[in-house]
Amino acid sequence: MLELRNINKSYGSLQVLSDVSLTIGRNEIVTIVGPSGAGKTTLLQIAGTLDRPESGTIVYDGKEISSLNDKKLSAFRNHNIGFIFQFHQLLPEFTAQENVALPAMIGGTPRRKAMEKAAELLDLLGLAERMRHKPAQMSGGERQRTAIARALINDPEVIFADEPTGSLDSRNRDEIRSIIADLRQRFGRTFVIVTHDPSMTTIADRVITMADGKIVAEEQKIAGIEISEDLQEEDIDVV
């Protein structure tokens, strides 16, 4: 579904990504882990079209989108990609329902229809009684569930999440993790998640490890078997 080919990115003399290639399948949950400075968030931003690589290509469903101009790329992003950020990025002057509906209205959906769908998503995520509250009136977990609803509003094929549990306590981390797993099962969405939270890898189909701007290992989970693919060796461990 998503293919990154030979992606390179640097900021000044700092090489952040070095010839990174990665394929994401439909309906997968993929987590990207590694130390701070490994290039995880930069890779996520490039895959999500929020940033452009210096070289390399990005292919969605067989269509190469790297060369699209900013206007066409923004339209593509609005209709095909959802985002969840660590600090939710909700607009403080709007209610939860309005925050969720906003990407749909930007994409051309009439306000009434966008607000109706936002209400349905908030209800699905257990926030029916909070939809008219503004972010300051909500808990951290409620704000992050609102952000998840916003990511779903345009029915994107893939949702990118950057440390979605990073600012939450253990109870809310468990809740968000369960919600993501359930949404994949319910709607068939693809999730690509950058995380330092070890528990997030428990719901992943694959765990990608990065270091120094490169992918250095990949662990695939199939029916209780973890298959680790390292650049130097391959091991199969029954768990």
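Scroll up to find the structure.
Keep in mind that this is a model prediction, so the values were computed, not measured.

Visitor: Please set out the side chain of K9 residue by residue, giving values where relevant.
Guide: Along the chain, K9 falls in strand 1 (residues 2-11). Setting aside its immediate chain neighbours within four residues, K9 contacts L14, Q15, V16, L17, T42, I46, D51, R52, P53 and E54.

Visitor: Kindly report on the packing of aromatic side chains, identifying the contributing residues and their values.
Guide: Per the counting criterion, the structure on display carries 3 aromatic pairs. When the centroid spacing of 5.1 Å and the interplanar angle of 65° are considered together, the rings of Y60 and F76 count as edge-to-face. With Y60 in strand 4 (residues 55-60) and F76 in helix 2 (residues 70-80), this pair connects stretches of sequence that are 16 residues apart. Each member of the pair, Y60 as well as F76, is classed as buried. The interplanar angle of 10° and the centroid separation of 5.9 Å between the aromatic rings of F83 and F85 together place this pair among those described as stacked. Judged by its relative accessible area of 14%, F83 is buried. Given a relative accessible area of 28%, F85 falls into the partly exposed group. Among the aromatic residues, ring-to-ring pairing joins F83, F85 and F160 into one connected group.

Visitor: Can you break down the sheet that holds strand 5 (residues 63-64) residue by residue, with the values?
Guide: Hydrogen bonding along the main chain pairs the strands of a sheet, whether they run parallel or antiparallel. Pairing is antiparallel across the open sheet formed by 4 strands, whose spatial order is 2-1-4-5. Looking at which strands have only one partner, the edges of the open sheet turn out to be strand 2 (14-24) and strand 5. Across 2 bridges, strand 4 lies against strand 5 in antiparallel orientation. Across the sheet, the residue bridging to Y60 is K63, located in strand 5. Here helix 1 (residues 40-47) sits on the sheet in contact with strand 1, strand 2 and strand 4, set at roughly 125° to strand 1.

Each value, and the rule that gives it
Residues numbered from 1 in each chain as written. Predicted model: local features only at pLDDT ≥ 70, side-chain atom pairs only at ≥ 80, totals over all residues. Heavy atoms only, no water. Helix = DSSP H or I, 4+ residues; strand = E, 2+ residues; numbered from the N terminus. Contact = heavy atoms within 4.5 Å. Phe/Tyr/Trp six-rings, centres within 6.5 Å; stacked < 30°, edge-to-face > 60°. Buried < 20%, exposed > 50% of the residue type's maximum accessible area, 1.4 Å probe, protein only. Pairing = 2+ DSSP bridges. Axes fitted to C-alpha atoms, helices over the stretch in contact; angles between N-to-C directions.

Treat this as a map of the structure, not an account of what it does.
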